[in-house]
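Structural features, examined
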Amino acid sequence: MPRYSITTFGCQMNVHDSERMHEVLRRAGYTEAGGPEEADVLVLNTCSVREKAEQKLRSEVGRLARWKRERAERVVVVAGCVAQQEGERLLKQMRAIDVVVGPDNIPELPGLLGDVALGGLPVARTVFDLDAPRFLVASPSPSTRAAATAFVTIMKGCDERCSFCIVPYTRGPERYRASDEIVAEIAALVAAGTREITLLGQTVNSYRDPLGALPRAPGASADDPDESEFAALLRRIAADVPGLARLRYTSPHPRHLTPSLVLAHAELAVLPRHVHMPVQSGSDRVLRRMIRRYTRAEYVARTRALVEAVPGLTLSTDIIVGFPGETEDDFAATLSLVREVGFKGLFGFKYSRRPHTPALKLPDDVPEDVKGARLARLFEESEALLAAHLSGLVGTTQEVLVEGRDKERGGERGAGGALWSGRTGRHEIAHIEGAGELDLLGEVVEVSIARANKHSLQAELTEAARAAARQQPRGDAGRPARRSLPVVAAGGG
Ligand code: 5AD
């Protein structure tokens, strides 16, 4: 049986696509190798959103030429956004590559590999499924324990035209999945033991049901062009899958943060108190040149409405520094926005020119060292906000969904005994100490926060949670019965 290995770069959508490639390959008779050294087929699932990500692929393929020479039948597959962007060109540029497969062509991967194994020429398959969009569906295996968290794609592609962004080119126009299918997939995952679902889409909250099967959500306006059916979908999932503990989504666009979505957050307990809402810049001049289609004031008003509707809700964001023409004043406006909104998490990037993007017309005129300095100031600001937030949680009680055992025993600071880790309702990472003997995977447990690390929390089970966990039978090696530990109302924070 041929063995494969997948290396994933980039966003959650790529992580999800990689999981589907695992399933497609396993169904076709491949087995997963312990690592690239043992593999016959190596898949690189690539990202091209920033230049650095694309360079990573090129250096990786360079190294693979030697790996290939060790055994004649070895095969290199390039998938993901660089595959979609470059197509055939990749085969010409890098001789080590045998198969190039776009995100919409993943189901065809075994067939393409079969052709190559029979001596076929290197092949590229990067065709968008515009007429009959396919969505790759998780097929939970009955013999392995379900992951506590899972991704479900609800839409793909992007109709925005943000001037810096390559995604409309690499992922095509927006295509939506029927709400019935989405609900059925989530119900199956939850029945298999998954507790948290993250809905995925490039602009996830522009969702509309392609079959028109959703009723209008409360608060939805018929004549607001920014209105979508996303709130209606959230309500349907909450109603139809009562066993779901948490329902997240990524990445939304601020334009579609409409009153109907705010109301859904206020009313649906399954929506956690954290939203990642990319803003990109705090300067109206830059936002206009980025073609973001909202102003700073609109972003602030919309996120403020959300926080007012859900007290304690935290926001995180994405920011680009050094966009063409960004002045010190523009950057100062971004810093002031970060303080004004009080983001508790921030992904910051130096602008990089991407092929096929409208911003190519603008000169990349902010020097590299200035971009670096701005990014450092941005991180300084956001780290300070996060540190203050995390230390404010010490001594409070939180609910943590346990996602797995800490990879590195002891958690972030090597504190003795931390074995389990998970996320609070606001997505803060929590390492749970002193519960190594208990089986907590997939449980929502009550913890008290003992200490704050730089980016995470050290926590201990409360006495009530410990007593409840002890009374539960351990899950057997097969699929364990899902148990819900009694959780006392979370306090603090
Ligand atoms: N340069 C720098 N950052 C970019 N991003 C997207 N395109 C670019 C680019 N050309 C960032 C945005 C986006 C995140 C996923 O990547 O902040 O939200």
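These lines cover the structure that appears in this document, whether it is placed above or below. Numbering of residues begins from 1 in every chain and follows the order in which that chain's sequence is written. Note on the predicted model: pLDDT of at least 70 is required for a residue's local features to be given, and 80 or more for side-chain atom pairs to be given and counted; whole-chain, interface and lining totals, by contrast, use all residues. Side-chain metrics rest on all non-hydrogen atoms present in the structure, leaving aside hydrogens and water.

Another aspect to go through is the sheet that holds strand β14 (residues 345-350). The strands making up a sheet associate through hydrogen bonds between their backbones, and the pairing can be parallel or antiparallel. Read from one edge of the open sheet, 3 strands run β12-β13-β14, paired in parallel fashion. In the strand order of this sheet, the two ends are held by β12 (274-276) and β14, each with one partner. Within the sheet, the average angular offset between the axes of one strand and its neighbour, ignoring direction, is 10°. Should DSSP find at least two bridges between two strands, the strands are regarded as paired. Secondary structure elements are taken from DSSP: a helix is a run of H or I of four residues or more, a strand is a run of E of two residues or more, and numbering for both begins at the N terminus. Pairing of β12 with strand β13 (residues 314-321), which is carried by 3 bridges, proceeds in the parallel orientation. Orientation is described by lines fitted to C-alpha atoms, with helices fitted over the stretch in contact, and by angles between N-to-C directions that extend from 0 to 180 degrees.

Turning our eyes to something else, we now look at the site of the ligand. Surveying the vicinity of the ligand reveals the residues Val 49, Arg 50, Phe 164, Gln 280, Asp 318, Ile 320, Phe 349, Lys 350, Tyr 351, Ser 352 and Arg 354. Here a nitrogen atom of the ligand sits 2.8 Å away from a polar atom, N or O, in the main chain of Ser 352. For the shell around the ligand, the elements supplying multiple residues, two or more each, are β13 and β14. By residue class, the composition of the shell around the ligand is 5 nonpolar, 2 polar and 4 charged. Being near a molecule or strand, for a residue, comes down to having at least one heavy atom within 4 Å of it. Any pair of nitrogen or oxygen atoms within 3.5 Å is treated as a polar contact; in protein, a donor-acceptor pairing is required on top of that, and neighbouring residues in sequence qualify only through side-chain atoms on both sides. Polar here means any residue other than Ala, Val, Leu, Ile, Met, Phe, Trp, Tyr, Cys and Pro, which are nonpolar, and Asp, Glu, Lys and Arg, which are charged; Gly is therefore polar.

It is worth spelling out unusual backbone geometry at this point. Cis geometry is adopted by the peptide bond preceding Ser 251, which originates at Thr 250 and carries an omega value of -10°. With respect to the element layout, Ser 251 can be found in the loop between β11 (246-250) and α9 (259-267). A positive phi is found at Ile 291, a non-glycine position, where the angle reads about 55°. Along the chain, the position of Ile 291 falls in the loop between α10 (284-289) and α11 (296-309). Relative accessibility decides the category of a residue: with a 1.4 Å probe and only protein chains considered, values under 20% of the type maximum give buried, values over 50% give exposed, and everything between is partly exposed. With relative accessibility at 37%, the residue Ile 291 sits in the partly exposed group.

Turning our attention to the pairing of strand β1 (residues 3-8). Across 2 bridges, β1 lies against strand β2 (residues 31-32) in parallel orientation. When the bridges of β2 are listed, Tyr 4 appears paired with Glu 32. The crossover handedness rule: strands pointing away from the viewer, path from first strand over the helix to second strand clockwise, crossover right-handed. In this fold, the crossover linking β1 to β2 by way of helix α1 (residues 12-27) has right-handed handedness. Where β1 meets strand β3 (residues 41-46), 5 bridges bridge the pair, whose relative direction is parallel. Along β3, the bridge assignment pairs Thr 7 with Leu 44.

As a packed pair, helix α7 (residues 179-191) and helix α8 (residues 230-240) sit with axes 10 Å apart at the nearest point and diverge in direction by 40°. One finds that α7 runs oblique with respect to α8. As α7 packs across α8, the resulting crossing turns out to be right-handed. In contact with Ser 179, Asp 180, Ile 182, Val 183 and Ile 186 of α7, α8 contributes Leu 233, Arg 236, Ile 237 and Asp 240. Oblique is the label for any angle not under 35 degrees, not over 145, and not in the 65 to 115 range, which are roughly parallel, roughly antiparallel and roughly perpendicular in turn. Left-handed is the label given to a crossing in which the near helix is rotated counterclockwise from the far helix by less than a right angle, and right-handed is the label when the rotation is clockwise. Whether two residues touch is decided by their heavy atoms; if any such pair falls within 4.5 Å, the residues are in contact.

What follows concerns the pattern of salt bridges. Each reported salt bridge corresponds to a side-chain nitrogen of Lys or Arg within 4 Å of a carboxyl oxygen of Asp or Glu. Under the criterion given, the structure shown has 43 salt bridges. For the salt bridge of Asp 180 with Arg 236, the shortest nitrogen-to-oxygen distance reads 3.0 Å. Of this pair, Asp 180 sits in helix α7 while Arg 236 is found in helix α8, placing the two residues 56 residues apart along the sequence. For Asp 180, a relative accessible area of 46% translates into the label partly exposed. A relative accessible area of 23% means that Arg 236 is categorised as partly exposed.

All right, on to the packing of aromatic side chains then. The relative placement of two aromatic rings is captured by the distance of their centres and the angle of their planes. A pair of Phe, Tyr and Trp rings is counted when the ring centres sit within 6.5 Å of each other, with Trp represented by its six-membered ring. The angle between the planes then sorts it: under 30 degrees is stacked, over 60 is edge-to-face, the rest tilted. This structure, assessed with the given rule, holds 5 aromatic pairs. Arranged with centres 6.0 Å apart and planes meeting at 85°, the rings of Tyr 176 and Tyr 207 form a pair that is edge-to-face. Within this pair, whereas Tyr 176 is found in strand β9 (residues 175-176), its partner Tyr 207 is found in the loop between β10 (196-200) and α8, the two being separated by 31 residues in sequence. With a relative accessible area of 0%, Tyr 207 lands in the buried category.

Describing two packed helices takes the angle between their axes plus the distance from one axis to the other. α9 packs onto α8 with a crossing angle of 20° between their chain directions and a minimal axis gap of 8 Å. Our classification of the angle between α8 and α9 gives roughly parallel. Considering the relative orientation of α8 and α9, their crossing is left-handed. Residue-level contacts link Phe 230, Ala 231, Leu 234 and Arg 235 of α8 to Ser 260, Leu 261, Leu 263, Ala 264 and Glu 267 of α9.

With that settled, the discussion passes to the nonpolar core. Core analysis: the biggest nonpolar cluster contains 56 residues, and Ile 186, Leu 199 and Ile 237 have the highest contact counts within it. When residues in this core are grouped by element, the largest group, 6 residues, is from α8. Each residue touching Ile 186, except ones within four places of it in the same chain, is listed here: Val 152, Ile 197, Leu 199, Ile 237, Val 241 and Leu 244. What is meant by a nonpolar core is a set of buried Ala, Val, Leu, Ile, Met, Phe, Trp, Tyr and Cys residues, joined one to another through side-chain atoms within 4.5 Å.

Here 6 strands make up an open sheet; going across it, the order is β2-β1-β3-β4-β5-β6 and the pairing parallel. Each edge of the open sheet carries a strand with a single partner, namely β2 and β6 (123-125). Note that strand β4 (residues 75-79) and strand β5 (residues 99-101) share 3 bridges and pair parallel. Of the residues in β5, the one forming a bridge with Val 78 is Val 100. On the sheet, helix α2 (residues 51-70) packs against β3 and β4 and is oriented at approximately 175° with respect to β3. Strands in contact with helix α5 (residues 109-117) are β3, β4, β5 and β6; relative to β5, the strand with the most contacts, it is inclined by about 165°.

Along the chain, Gly 442 turns up in the loop between β17 (429-433) and β18 (444-452). As a C-alpha pair, Gly 442 and Ala 28 span 414 residues in sequence and 30 Å in three-dimensional space.

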